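The lines below spell out each chain.
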Amino acid sequence: MPKIKSSRGAMKRFKVTAKGKVKRSRGFKSHLLSSKGRKRKRRLKQGALVSPRETKNIRKLIPYL
């Protein structure tokens, strides 16, 4: 049985925590930053967890996590 290929885009976008949760980075932080507040930009730097419903789909894209 051949190995399943992982989605390269998903591999770059998601990481897995030690407990097996899927971590993602936040969007809206690449340009037009002058109109966004300091606090908002600071919060956008932090990663976020993927919702449990979406985690199931992401695990299909990255089978060997």
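Every chain begins its residue count from 1, and numbering advances along the sequence as written. Confidence filtering applies because this is a predicted model: local features only for residues at pLDDT of at least 70, side-chain atom pairs given and counted only at 80 or more, and all residues used for totals across whole chains, interfaces and linings. Heavy atoms throughout the structure, all of them, feed into the side-chain values; hydrogens and water do not.

Peer 1: Which residues make up the side chain of T55, and what values do they have?
Peer 2: Relative to the assigned elements, T55 resides in helix α3 (residues 52-61). Throughout, a contact is declared for two residues whenever any of their heavy atoms are within 4.5 Å. Look past the residues within four positions of T55 in its chain and what remains in contact with it is V22 and V50. By the criteria applied, helices consist of DSSP H or I runs no shorter than four residues and strands consist of E runs no shorter than two, each listed in order from the N terminus.

Peer 1: Outline the sheet that holds strand β3 (residues 48-49), supporting the account with residue identities and numerical values.
Peer 2: At least two bridges found by DSSP between two strands are what make those strands a pair. Ordered by their spatial adjacency, three strands build an open sheet running β1-β2-β3, and the pairing between neighbours is antiparallel. Only two strands of the sheet have a single partner each, and these edge strands are β1 (15-16) and β3.

Peer 1: Residues and numbers for the nonpolar core, please.
Peer 2: Counting residues in each nonpolar core, the largest one holds six residues, listed as A10, F14, V22, V50, I58 and I62. If we skip the residues at most four places from it in the chain, I58 touches F14, V22 and V50. Here the nonpolar core consists of buried residues drawn from Ala, Val, Leu, Ile, Met, Phe, Trp, Tyr and Cys, with membership extended through side-chain atoms lying within 4.5 Å. Buried, partly exposed and exposed residues are distinguished by accessible area as a fraction of the type maximum, computed with a 1.4 Å probe on protein chains only: under 20%, between the cut-offs, and over 50%, respectively.

Peer 1: How would you summarise unusual backbone geometry if you had to cite specific residues and measurements?
Peer 2: With phi around 65 degrees, F28 is a residue other than glycine that occupies positive phi space. Within the secondary structure, F28 sits in the loop between β2 (22-24) and α2 (38-45). Positioned with a positive phi, L32 is a non-glycine residue whose angle comes to about 55 degrees. Mapped onto the secondary structure, L32 falls in the loop between β2 and α2. With a relative accessible area of 61%, L32 lands in the exposed category.

Peer 1: Provide a residue-level description of the environment of S30, including the pertinent values.
Peer 2: Along the chain, S30 turns up in the loop between β2 and α2. S30 sits 25 residues away from T55 along the chain, and the two C-alpha atoms are 25 Å apart.

Peer 1: An account of a positive patch on the surface is needed here, citing residue identities and associated values.
Peer 2: Patch membership is restricted to residues that have no salt bridge and whose relative accessible area is over 30%. Joining uses 9 Å for like charges and 5 Å for the nonpolar side chains Val, Leu, Ile, Met, Phe, Trp and Tyr. A 1.4 Å probe and the Shrake-Rupley method give the accessible areas. Residues count as covered only by the protein chains that appear here. Every case where a carboxyl oxygen of Asp or Glu lies within 4 Å of a side-chain nitrogen of Lys or Arg is listed as a salt bridge. Neither His nor the chain ends is counted toward charge; the positive residues are Lys and Arg and the negative residues Asp and Glu. By convention, the charge on Lys lies at NZ, on Arg at CZ, on Asp at CG and on Glu at CD. Taken together, the side chains of R38, K39, R42, R43 and K45 make up a positively charged region of the molecular surface. Mapped onto the fold, K39 is located in helix α2.

Peer 1: Residues and numbers for the environment of G47, please.
Peer 2: For G47, the position within the fold is in the loop between α2 and β3. Separated by 44 residues in the primary sequence, G47 and K3 have C-alpha atoms spaced 30 Å apart.

Peer 1: I'd like to hear about the environment of P52, residue by residue, with values.
Peer 2: Positionally, P52 belongs in helix α3. Exposure remark for P52: the relative accessible area of 73% places this residue in the exposed category. Sequence-wise, P52 and V22 are 30 residues apart; in three dimensions their C-alpha atoms are separated by 8.7 Å.

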